[in-house]
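# Chains, contacts and geometry: an overview
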Number of protein chains: 2
Amino acid sequence: MANYNIVPLTELVSQFERLPGIGKKTAQRLAYHILEQPPERAEKFAEALVNARKKIHFCKECQGFTDLDICPICADGSRDRSVICVVAEPKDIMAFERTKEFGGTYHVLHGVISPLDGITPDNLRIKELMARLSNSEVKEIIMATNPTVEGEATASYISRLAKPMGVKVTRLAYGIPVGGDLEYADEYTLTRALEGRNEI
Amino acid sequence: MANYNIVPLTELVSQFERLPGIGKKTAQRLAYHILEQPPERAEKFAEALVNARKKIHFCKECQGFTDLDICPICADGSRDRSVICVVAEPKDIMAFERTKEFGGTYHVLHGVISPLDGITPDNLRIKELMARLSNSEVKEIIMATNPTVEGEATASYISRLAKPMGVKVTRLAYGIPVGGDLEYADEYTLTRALEGRNEI
């Protein structure tokens with residue numbers, strides 16, 4: 001039996017398939033969904049894709065995403081410019097903002113040092129961070145990279161550069177997650193939770 | 001703390017969120033992924049969306065998706081035009097084509113009768129099916145709607161219309177799925193599997 005290929009459909013399926021976490025079956029389901037919607041829906045979606053990619057770029061200051069020259073967080077005079085929270089990815093900023101507890105500013109590295117993937121310090125926005133630190137305003141940087149081998153290595157690499165500049169370098173606390181269950185905590189996390197215990 | 005909203009990003013997230021099975025978190029991950037790709041990727045994706053929706057329409061014959069006037073299956077002279085497999089959705093055609101076992105043609109209803117959702121026979125492509133049946137070439141229609149209450153009701157509704165026209169109406173067999181486990185088969189499926197047992 002011949003293979004009846006609808007070219008524009010196959011092309012749309014393959015575009016969906018290139019998204020992270022979207023497999024062949026899901027990509028097909030999404031493509032069929034688009035075909036079942038009014039044409040305006042597809043056009044709006046297309047417009048949002050192009051618009052986002054065209055209008056959003058890196059903030060000159062923190063290297064996070066923004067559609068402005070300087071992002072609203074860096075431009076906000078009420079934020080504490082003496083503390084910088086250093087994160088690996090732009091989306092990590094949103095995680096901290098959701099806590100509504102951090103009043104400082106951010107710096108996005110756009111990755112972590114990972115020799116196996118060919119990512120060296122030169123590939124990250126570390127130069128830009130150092131330029132900000134040479135500004136005497138900055139008193140502390142909070143290293144908020146993930147608690148992985150690469151995240152740790154990146155934190156200590158930056159720490160070694162920043163300390164001689166007279167900047168205090170801190171790291172997020174390790175411990176058991178709130179609402180977590182001790183039974184499911186691994187031994188490394190529990191060890192760290194014990195080490196970092198606080199008096200109540 | 002203020003809410004720092006990047007409008008083009010929020011718009012892209014909400015577009016992803018409108019896709020079936022995509023929640024808030026996944027939509028955000030996909031949107032950030034787009035921002036991290038070269039601009040050409042977003043443009044190609046946008047083009048595929050608009051192209052698919054613009055170029056693909058319903059086949060005049062079977063009502064399936066095609067970018068031609070008559071889809072390649074209906075136009076294929078080697079297919080048996082005396083048997084029509086009636087399915088609810090265009091994607092069901094692909095499921096049958098993958099078996100490489102069906103040499104007849106298809107008809108897509110674009111839904112099933114569902115009074116609770118306000119879908120009556122008039123909302124489906126039943127008129128178009130009847131028009132095809134009045135062509136004396138058609139000897140059998142295979143009702144291949146899902147084995148749900150609505151799928152069954154739709155199958156018997158069409159069956160009542162088609163039989164007086166001298167067309168044989170058949171239904172897909174019920175039974176245990178190949179490779180399935182009896183332990184997990186529900187009692188209705190097992191009952192049907194018993195009723196439909198064959199001599200070996």
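Residues numbered from 1 in each chain as written. Chains lettered and ligands numbered in written order. Predicted model: local features only at pLDDT ≥ 70, side-chain atom pairs only at ≥ 80, totals over all residues. Heavy atoms only, no water.

## So, the pairing of strand β4 (residues 104–108) of chain B
Residue and element names in this part refer to chain B.
- Along β4, 5 of the 5 residues are buried, which leaves the element largely enclosed by surrounding structure.
- As judged from the 5 bridges shared by strand β3 (residues 80–87) and β4, these two strands associate in the parallel manner. In the strand pairing of β4, D80 is matched with G104.
- Where the polypeptide runs from β3 across helix α5 (residues 90–99) and back to β4, its parallel neighbour, the crossover connection is right-handed. (Buried < 20%, exposed > 50% of the residue type's maximum accessible area, 1.4 Å probe, protein only. Helix = DSSP H or I, 4+ residues; strand = E, 2+ residues; numbered from the N terminus. Pairing = 2+ DSSP bridges. Right-handed = clockwise from strand over helix to strand, strands pointing away.)

## Here we look at a nonpolar patch on the surface
- Side chains of I176, L182 and L190 of chain A sit close together on the surface and give an oily, nonpolar patch of about 250 Å² of accessible area.
- Take L190 of chain A: it is sitting in helix α8 (residues 187–195). (Patch = residues over 30% accessible without salt bridge, like charges linked within 9 Å, V, L, I, M, F, W, Y side chains within 5 Å. Areas by Shrake-Rupley, 256 points an atom, 1.4 Å probe, with all protein chains shown as cover. Salt bridge = Lys/Arg side-chain N within 4 Å of Asp/Glu carboxyl O.)

## Focus: the packing of helix α5 (residues 90–99) of chain A against helix α2 (residues 24–36) of chain B
- Where α5 of chain A contacts α2 of chain B, the two axes come as close as 10 Å, and the packing angle between them is 140°. Of the possible angle classes, the one that applies to α5 of chain A and α2 of chain B is oblique. Across the interface between the two elements, P90, K91, M94 and R98 of chain A from α5 of chain A touch Q28, Y32 and E36 of chain B from α2 of chain B.
- In the contact of α5 of chain A with α2 of chain B, the residues fall into 3 nonpolar, 1 polar and 3 charged. (Axes fitted to C-alpha atoms, helices over the stretch in contact; angles between N-to-C directions. Parallel < 35°, antiparallel > 145°, perpendicular 65-115°, else oblique. Contact = heavy atoms within 4.5 Å. Nonpolar A, V, L, I, M, F, W, Y, C, P; charged D, E, K, R; others polar.)

## Quick notes on the relation of the copies chain A and chain B
- Once chain A is rotated about the relating axis by 180° and shifted along it by 0.1 Å, it coincides with chain B to within an RMSD of 0.1 Å. The transformation just described matches what one would write down for a two-fold rotation axis. When each C-alpha of chain A is compared by its distance to the rotation axis, A46 of chain A comes out closest, at 2.0 Å.
- Take the interface residues of chain A: 100% of them recur as interface residues in chain B, which is what a same-surface contact looks like. (Least-squares fit on C-alpha atoms with pLDDT ≥ 70 in both.)

## Quick notes on the packing of aromatic side chains
- Under the criterion given, the structure shown has 11 aromatic pairs over all chains.
- Through successive ring pairs, a cluster of aromatic residues spans F16 and F45 of chain A together with F16 and F45 of chain B.
- Between R192 of chain A and the ring centre of Y174 of chain A, over which it is positioned, the NZ or CZ distance is 4.3 Å. (Phe/Tyr/Trp six-rings, centres within 6.5 Å; stacked < 30°, edge-to-face > 60°. Lys NZ or Arg CZ within 6 Å of the ring centre and 35° of its normal.)

## A few points about the nonpolar core
- Judged by nonpolar contacts, the single largest core of 42 residues is most densely connected at F16 of chain A together with F16 of chain B.
- Elements represented by at least two residues in this core include exactly α1 (7–17), α2 (24–36) and α3 (39–55) of chain A together with α1 (7–17), α2 and α3 (39–55) of chain B.
- Those residues in contact with F16 of chain A that lie beyond four places of it in its chain are I22, A27, L30, A31, I34 and F45 of chain A together with L19, F45 and L49 of chain B. (Core = buried A, V, L, I, M, F, W, Y, C linked by side-chain atoms within 4.5 Å.)

## A closer look at the sheet that holds strand β3 (residues 80–87) of chain A
All names here are of chain A.
- Taken in spatial order, the 4 strands of this open sheet run β4-β3-β5-β6, and their pairing is parallel. Every other strand in the sheet has two partners, leaving β4 (104–108) and β6 (168–171) as the edge strands with one partner each. Geometrically, the sheet is characterised by an average inter-axis angle of 25° between neighbouring strands, direction not taken into account.
- Examined bridge by bridge, strand β5 (residues 140–143) and β6 share 4 bridges and lie parallel to one another. Residue pairing across strands places I142 opposite T170, the latter belonging to β6.
- Here α5 sits on the sheet in contact with β3 and β4, set at roughly 155° to β4.
- Seen against the sheet, helix α6 (residues 126–133) touches β3, β4 and β5 and runs at an angle of roughly 150° to β4.

## Some remarks on the domain arrangement of chain A
- Segmenting chain A into domains produces domain 1 (7–55) and domain 2 (58–199).
- Each of domain 1 of chain A and domain 2 of chain A has a C-alpha centre, and the two are 34 Å apart. (Domains from an automatic or database assignment.)

## Side note on the interface of chain A and chain B
- Across the boundary between the two partners, chain A contributes 57 residues, which contact 57 residues of chain B.
- Roughly 5400 Å² of surface becomes buried between chain A and chain B when both sides are summed, with 71% attributable to carbon and sulfur atoms.
- Connecting chain A to chain B are 0 salt bridges.
- At the surface where chain A touches chain B, the tally comes to 8 residue pairs in polar contact (both at pLDDT 80 or more).
- Taken together, the residues of the side of chain A that touches chain B break down into 32 nonpolar, 8 polar and 17 charged. (Buried area = accessible area lost by both parts, 1.4 Å probe. Polar contact = N/O pair within 3.5 Å; in protein donor to acceptor, adjacent residues only side chain to side chain.)

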